[in-house]
Amino acid sequence: MPTQLFTFGANQELFDALSNSGAHFIVIGGLAVHYHASERQVDDRDLLIEPSVTTAEKVITAFSSCPLFKHSITVDQLLQPKRMQIPAKIYFYADILTPGQELDFHEHWGQAHDAKIGNTAVKVASIQTLKLYKKPLDPSSQPSHQTLKG
């Protein structure tokens, strides 16, 4: 049975919209660290999206269905060859991340754990993915990684 994770406010709407669109994404922020180390305080919900035209279009469709999301995002932005962070923190406490060329999304999708947020099935990043992706992107996340074992 998948682990139940919790979110607050409009974040559930964001997860539901992305899931309903069929977009492939991995929960990779503080919520993912909390999944592996429950003592870690949950502070953000970063979402790593699959770098494909199909997923980019689905993400854009999902955001357009969320009246609280006020950014305009293009397929080209979501397919940049470098890692990118799109803040969604006006009404949601989340960032949308792209993997860049140095991370094989499909490999990490295969290593991800099944969980639920509300009634929505999600994939949560493995410890290996968290260490590979988050640490180089944001040095301030170092305390989170010290919490992870494995």
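Shown above is the structure to which this text applies.
Residues numbered from 1 in each chain as written. Predicted model: local features only at pLDDT ≥ 70, side-chain atom pairs only at ≥ 80, totals over all residues. Heavy atoms only, no water.

A word on the environment of Thr54
When you line up the elements, Thr54 lands in helix H3 (residues 53-64). Here the alpha-carbon distance between Thr54 and Gly22, two residues 32 residues apart in the chain, equals 9.4 Å. (Helix = DSSP H or I, 4+ residues; strand = E, 2+ residues; numbered from the N terminus.)

Some thoughts on the packing of helix H1 (residues 11-21) against H3
Direction vectors running N to C along H1 and H3 enclose 135 degrees, while the axes themselves pass 8 Å from each other. Our classification of the angle between H1 and H3 gives oblique. Classified by chirality, the crossing of H3 by H1 is right-handed. Contact residues: H1 offers Leu14, Ala17, Leu18 and Ser21, while H3 offers Lys58, Val59, Ala62 and Phe63. (Axes fitted to C-alpha atoms, helices over the stretch in contact; angles between N-to-C directions. Parallel < 35°, antiparallel > 145°, perpendicular 65-115°, else oblique. Left-handed = near helix turned anticlockwise from the far one by under 90°. Contact = heavy atoms within 4.5 Å.)

Some points on the side chain of His108
Mapping His108 onto the fold places it in helix H5 (residues 105-111). Given a relative accessible area of 3%, His108 falls into the buried group. Contacts of His108, omitting those with residues within four sequence positions, involve Ile26, Leu103, Thr129 and Leu132. (Buried < 20%, exposed > 50% of the residue type's maximum accessible area, 1.4 Å probe, protein only.)

Some remarks on the pattern of salt bridges
Applying the stated criterion across every chain, the model contains one salt bridge. When the shortest N-O distance is used, the salt bridge between Asp114 and Lys123 registers 3.0 Å. Overall, Asp114 belongs to the partly exposed group, its relative accessible area being 47%. (Salt bridge = Lys/Arg side-chain N within 4 Å of Asp/Glu carboxyl O.)

Observations concerning the packing of aromatic side chains
The geometry of an aromatic ring pair is captured by two quantities: the separation of the ring centres and the angle between the planes. Evaluated as defined, the whole model comprises two aromatic pairs. Taken together, a centroid distance of 6.3 Å and an interplanar angle of 40 degrees make the contact between Phe15 and Phe25 tilted. Remark: Phe25 occurs in strand E2 (residues 25-27) and Phe15 occurs in helix H1; sequence separation between them is 10 residues. A relative accessible area of 1% places Phe15 in the buried class. (Phe/Tyr/Trp six-rings, centres within 6.5 Å; stacked < 30°, edge-to-face > 60°.)

Quick notes on H3
The terminal C-alpha atoms of H3, which comprises 12 residues, lie 16 Å apart, in line with the 16 Å expected from a rise of 1.5 Å per residue. Listing the buried residues of H3 in full gives Thr55, Ala56, Val59, Ala62 and Phe63. The buried residues of H3 all sit within an arc of 125 degrees when viewed along its axis, so they share a single face. Lining the buried residues of H3 we find H1, strand E3 (45-49), helix H4 (75-78) and strand E5 (94-98). (Expected span 1.5 Å × (residues − 1). Arc of directions from axis to C-beta.)

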